[in-house]
Amino acid sequence: MEHLIKNTKRQSETKIKSTRNLKDLEKVYIEIFGKDSLLTNLTKNIANLPKRKRPKHGQLINITKKEIESLFEKKRNSLKIQKPKAIIDITRPGQKQPIGHFHLVSQAIEEIVAIFSKLGFSLQSYPEVDWDWYAFESLNMPKNHPARDDWETFFVKTPPDPKYGQQVLTPHTSNGQVREMERVKTPASPRGGQGGPPIRMLNIARCYRRQIDVSHTPMFHQFEGLLIDKKVSISDLKGTFDYFTTRFFGPQRVTRLRPHHFRFTEPSFEVDVTCGVCLGRGCRICKSGWLELGGAGMVHPKVLKNGHIDPKEFMGFAFGWGIERTIAMKTDLPDIRLLYQNDIRFLEQF
Ligand code: DAH
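Read on for a plain summary of the structure. No experiment lies behind these values; they were computed from the predicted model shown.

**Overview of the pairing of strand 4 (residues 165-169)**
With three bridges joining them, strand 2 (residues 129-131) and strand 4 adopt antiparallel strand pairing. The residue of strand 4 that forms the bridge with Trp 131 is Gln 167.

**A few points about the packing of helix 1 (residues 2-18) against helix 3 (residues 38-45)**
Between helix 1 and helix 3, the shortest axis-to-axis distance is 10 Å and the interhelical angle comes to 160°. Here helix 1 is positioned roughly antiparallel relative to helix 3, judged by the angle of their axes. Crossing angle aside, the handedness with which helix 1 passes helix 3 is left-handed. Along the contact surface, helix 1 presents Leu 4, Ile 5, Thr 8 and Gln 11, while helix 3 presents Leu 38, Leu 39 and Leu 42. Across the contact of helix 1 with helix 3, the residue classes tally to five nonpolar, two polar and no charged.

**Considerations on the layout of surface pockets**
Vacant regions in the atomic arrangement are exposed by a probe of water-molecule size rolled over the atoms. Volume-wise, the largest pocket comes out at about 670 Å³. Around the largest pocket sit 33 residues that line it, and Arg 209, Gln 222, Glu 292, Gly 295 and Gly 320 are the ones nearest its centre. At the level of elements, strand 6 (219-229), strand 7 (255-262), strand 8 (265-274), strand 9 (290-299), strand 10 (315-322) and helix 10 (323-331) are the ones that each hand at least two residues to the lining of the largest pocket. With six residues, strand 9 is the largest single contributor of residues to the lining of the largest pocket. Its volume calculated, the second largest pocket comes out at about 430 Å³. For the lining of the second largest pocket, the elements supplying multiple residues, two or more each, are strand 9 and helix 10. Of the residues belonging to the lining of the second largest pocket, the class tally is 11 nonpolar, two polar and four charged.

**Regarding the sheet that holds strand 7**
The strand order across the open sheet built from seven strands is 1-5-6-10-9-8-7, with neighbouring strands paired in mixed fashion. Sheet topology places strand 1 (122-124) and strand 7 at the edges, where each strand pairs with a single neighbour. With strand direction ignored, the average angle separating the axes of adjacent strands in the sheet is 25°. Summarising the sheet, strand 9 and strand 10 pair through five bridges and their orientation is antiparallel. Residue pairing across strands places Gly 294 opposite Trp 321, the latter belonging to strand 10. Here helix 5 (residues 104-118) sits on the sheet and contacts strand 1, strand 5 (199-208), strand 6 and strand 10; the angle it forms with strand 5, its principal contact strand, is near 165°. Sitting on the sheet, helix 7 (residues 175-183) is in contact with strand 1, strand 5, strand 6, strand 9 and strand 10, with an inclination near 140° to strand 5.

Reading guide: rules and limits
- Residues numbered from 1 in each chain as written.
- Predicted model: local features only at pLDDT ≥ 70, side-chain atom pairs only at ≥ 80, totals over all residues.
- Heavy atoms only, no water.
- Pairing = 2+ DSSP bridges.
- Helix = DSSP H or I, 4+ residues; strand = E, 2+ residues; numbered from the N terminus.
- Axes fitted to C-alpha atoms, helices over the stretch in contact; angles between N-to-C directions.
- Parallel < 35°, antiparallel > 145°, perpendicular 65-115°, else oblique.
- Left-handed = near helix turned anticlockwise from the far one by under 90°.
- Contact = heavy atoms within 4.5 Å.
- Nonpolar A, V, L, I, M, F, W, Y, C, P; charged D, E, K, R; others polar.
- 1 Å grid on protein atoms, 1.4 Å probe; cavity = no way out; pocket = protein on both sides within 12 Å on 5 of 7 lines; lining within 4 Å.
- Points joined across faces, edges and corners; volume = space filled by probe spheres on them.

Rendered as structure tokens:
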């Protein structure tokens, strides 16, 4: 009996040692400890031994079982640590890293700049936090004038400047108009200058208004055009819009001017473009066949004077449109707030 137990132990040791993976090791475990294994049969046999021999053999079997168990444990751990050898398949295609792209608003800005630069407009940048003077007063909107209400302005709590007034978060890019006239310095400018018009400015900037709904976000972008020269007519303005809309929206879209009122242009217009779905026939989305792009007009003589430009010598047109709205009209976006929710599933589509 003792001899048999020792033999079983030796056999088990060789089997455990020679296994190469966890699956085989579990098979060997069942062979050694399973119902019909040698060890189990030896344990059952104890009952057939004379009574006095039983305790000694029982003990021997228990010790042997524990020893084998611990061999199993060691082997298991060592097999778990072993990493499978890496197989390098050089014919497999490489892993592609996901590549991002510009946000829809940045894409639109690039496109708008490219279109207007072909007409000779150059990009300028003016402050996002500006004085009341540039945002309103120089644009013929005196203090407390009710026309200002349309701009739902955020005011900045800083001491007002005696000439320029309070600071505001610019509610439109029109603050760049008088700043641009100052940049080109005319002989009438405060410290004089030889420059002056022509001006062909494109000013693209963030704007802020106290509004939020499907077609408004408190922060948005506008692009502002300003053209000043000796002889500028409404047909130049109309031609510029037609050029822009056919390039940006496609050749089937046309624009129209609708009379409107802004304090800084005379005459003033709202510019409409034909709906992309029905192309002007009228549908459920646009109703009339037209969608509103933004405001425009011939620069008011008072604004030219505020920019030290002589309205008897020069004239011009200006326009200011929302970029998010323009994107919505191009892509049939139902809610412009989607642009700023940063949901990758939405942004990825463009
Ligand atoms: N600044 C106006 C707005 O935010 C839009 C606008 C209208 C700009 C007429 C212009 C203009 O330059 O001439 O609603």
